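The residues making up each chain are set out below.
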Amino acid sequence: ANIDESGIITLIRDIHLAESVKFKEGSYELRGAGCIITSDRSAFVLESGAELTVGIEGDLGSEPSLSLIGSDKCGESLVVIGNGAKATVNSGVIFSGGKAEYGGSVLINGGEFILNGGSILDSEASRGGGVYMSGGTFTFLGGTVYGCRASCGAGVYAEAGSFVFHGGCIGKHSSIEPDGSKLEYGEKNAAESGGGIYISQEAEALLRGGEISENDGSGIYVSEGGTVELSGTVITENTAGRGGGIYNCGTVKAEKSNVSNNKADIGGGVWNSGEYIISGGQYSDNTAELRGGGIYNEGTLVLSQGSVARNTAAAGGGIYNTGSFDFKGGTVGHCKLSADGVGDAVMNSGDMSMSGTAYVYDDNTVSLEIVSGNVSVINVAEEFNGADIMMTLETVSKTTGIDGIESYRRVSCVGLKVLRGDPALVASASGHVSVLINGRSYEIDESGTVKGELSVLLVVSISLVFVIIVSAAVAFVIFVKKKRSVNSKPLPETGISDSTEKEDRE
């Protein structure tokens, strides 16, 4: 290597490290000039007070300026950043081939790591295939993390500390060339939980841009106690059993973000059992094989702005709710059902409240589950300020087969209450809602009850009486026909002519 007067270290040939290079207190800058470093152990270990910058900021060269690669013998993180240390990786730098229990390429032990255009790829660990944080901060300004593998957090695992994501991409990604062709980069990150990012109970994440795409095992996984704030981030084309885009057991506050084209068995876009608050953004074109194309909620879900549109599932094309869903504003609709599903906009089996400017497009309906004669009613929390008719309801019943498969059928709710809350609010809201039964639209009276000529009990009673009358009528007709058949039988032949009979009678 050459070292200039300012202390910048520039490699002039490829090197192989059998032991770690330890950076003690001081400031260091390393440039590669296209060279490769292979290492049998952790290549760089930064101790307290050390600051290391790798690569040149804004380097747009077509070839990597420096590649740091773990050898077949390497079983440690390629870079270890201790408490009080700082490492910055710029454009043109590649970390790959790392293998460790925690943090295949980078292990942050209370220090600070800045990724400003470099790439971390093809690394693996039990936790944090690309990067693992036990504390400290990780600021992602640009660059890529892809092709990494782990049980949890293939791209990034944050056990504790702060993860800030401003740009770049975690996962396989693509771009559209000027000629319209699609150019793909890298491979998917893959994990059982958190293919892109895993946020643990003592960590917090602030995502203010960038893209999380084509990861297996959810784009973002938030465990109980973890917190995430989303704004301006694209989460797309991720897959999982539950929560293709986002799996949340902690707290997520989301605005101005795009969660789209993700897939899962349950919760194509989002699976939530914690607290999920949406104040803007789009949840669109996600798909669930079973329930909750856009969002599956069994925790607390709040929607005040934004849209949930063009999602698909067998039940709850837009949203499937078994928890608490507070629908304050925004729009839900243009969603689809696969097979003979119900609730193309919302399938509600839990506690659902509506108010403000909440609106459901007229091409979709909200399905309310009826259990033992009780409806999963909608609570009118505040006055509606939206369109004249802002929602169409239907009621359904659910059965679960021996194989555990759920099936639904639409049932009548004439005479049943479907809105509840303050009487004045319910009376005001009733004019904004209609109910669909067998293709016919019914109104709701000021008490929140579905208006109809007959109550459900009376309809059932009349139906039974009608069946009895019809059955009796049929039996009577059959009896008469049989009697007529007997009377019309021909007399037995006697061999006596009609004239003889007449003479005898005379």
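Residues numbered from 1 in each chain as written. Predicted model: local features only at pLDDT ≥ 70, side-chain atom pairs only at ≥ 80, totals over all residues. Heavy atoms only, no water.

A count of helical and extended segments in the protein gives three helices and 53 strands. Within the protein, the proportion of its 506 residues that are buried is 49%. At a minimum sequence separation of 6, the contacts of the protein that also span at least 24 residues come to 70%. Of the roughly 23,100 Å² that the protein leaves accessible, carbon and sulfur atoms contribute 50%. (Helix = DSSP H or I, 4+ residues; strand = E, 2+ residues; numbered from the N terminus. Buried < 20%, exposed > 50% of the residue type's maximum accessible area, 1.4 Å probe, protein only. Contact = heavy atoms within 4.5 Å. Areas by Shrake-Rupley, 256 points an atom, 1.4 Å probe, with all protein chains shown as cover.)

Below, the discussion takes up helix α1 (residues 423-430). Among all positions of α1, only V426, A429 and S430 are buried. Projected onto a plane normal to the axis of α1, the buried residues spread over an arc of 100 degrees and lie on a single side. Residues of α1 that are buried make contact with β48 (378-384), β51 (419-421) and β52 (433-437). Its side-chain oxygen at 3.0 Å from the backbone nitrogen of A424, D422 defines the N-terminal cap of α1. (Arc of directions from axis to C-beta. Polar contact = N/O pair within 3.5 Å; in protein donor to acceptor, adjacent residues only side chain to side chain.)

Along the polypeptide, A33 turns up in the loop between β5 (26-31) and β6 (35-39). For A33, a relative accessible area of 60% corresponds to the exposed category. Spatially, the C-alpha atom of A33 lies 9.9 Å from that of S67, the residues being 34 residues apart in sequence. Contact partners of A33, with chain neighbours within four places excluded, come to T10, L11 and S65.

Moving on: unusual backbone geometry. Within the chain, D122 stands out as a residue other than glycine whose phi angle is a positive 50 degrees. Within the element layout of this structure, D122 appears in the loop between β14 (106-121) and β15 (124-127). Judged by its relative accessible area of 40%, D122 is partly exposed. The backbone phi angle of H334 is positive, close to 55 degrees, even though this residue is not glycine. Residue placement: H334 occurs in the loop between β41 (331-333) and β42 (336-342). The class of H334 is partly exposed, set by a relative accessible area of 37%.

Glancing now at the layout of surface pockets. Reported here for the largest pocket is a volume of approximately 260 Å³. Along the walls of the largest pocket sit 13 residues, with L290, A314, I405, E406 and Y408 positioned nearest its centre. Where the lining of the largest pocket is concerned, the elements lending two or more residues are β35 (287-291), β38 (312-315), β42 and β50 (406-411). In terms of residue count, β42 provides more of the lining of the largest pocket than any other element does, four residues in total. Here the lining of the largest pocket is composed, by residue class, of six nonpolar, four polar and three charged. Every residue lining the second largest pocket is counted, eleven residues in all, and those nearest its centre are G61, G92, V93, G117 and S119. Counting only elements with at least two residues in the lining of the second largest pocket, the list comes to β12 (93-96) and β14. Residues that form the lining of the second largest pocket fall into these classes: three nonpolar, six polar and two charged. (1 Å grid on protein atoms, 1.4 Å probe; cavity = no way out; pocket = protein on both sides within 12 Å on 5 of 7 lines; lining within 4 Å. Points joined across faces, edges and corners; volume = space filled by probe spheres on them. Nonpolar A, V, L, I, M, F, W, Y, C, P; charged D, E, K, R; others polar.)

An order of β28-β32-β35-β38-β42 is seen for the five strands of this open sheet, with the pairing classed as parallel. Two strands bound the open sheet, and with one partner strand each, they are β28 (239-242) and β42. Between one strand and the next, the sheet's axes are offset by a mean angle of 10 degrees, whatever the strand orientation. Bridge analysis of strand β32 (residues 263-266) against β35 gives three bridges, and the strand direction is parallel. (Pairing = 2+ DSSP bridges. Axes fitted to C-alpha atoms, helices over the stretch in contact; angles between N-to-C directions.)

What follows covers the sheet that holds strand β22 (residues 190-193). Strand order in the open sheet formed by four strands is β13-β15-β17-β22, and the pairing between neighbours is parallel. At either end of the open sheet lies a strand with only one pairing partner, and these are β13 (99-102) and β22. The sheet shows a mean angle of 5 degrees between the axes of neighbouring strands, taken without regard to direction. With three bridges connecting them, β13 and β15 associate as parallel partners. Within β15, the position partnered with A100 by the bridge is A125.

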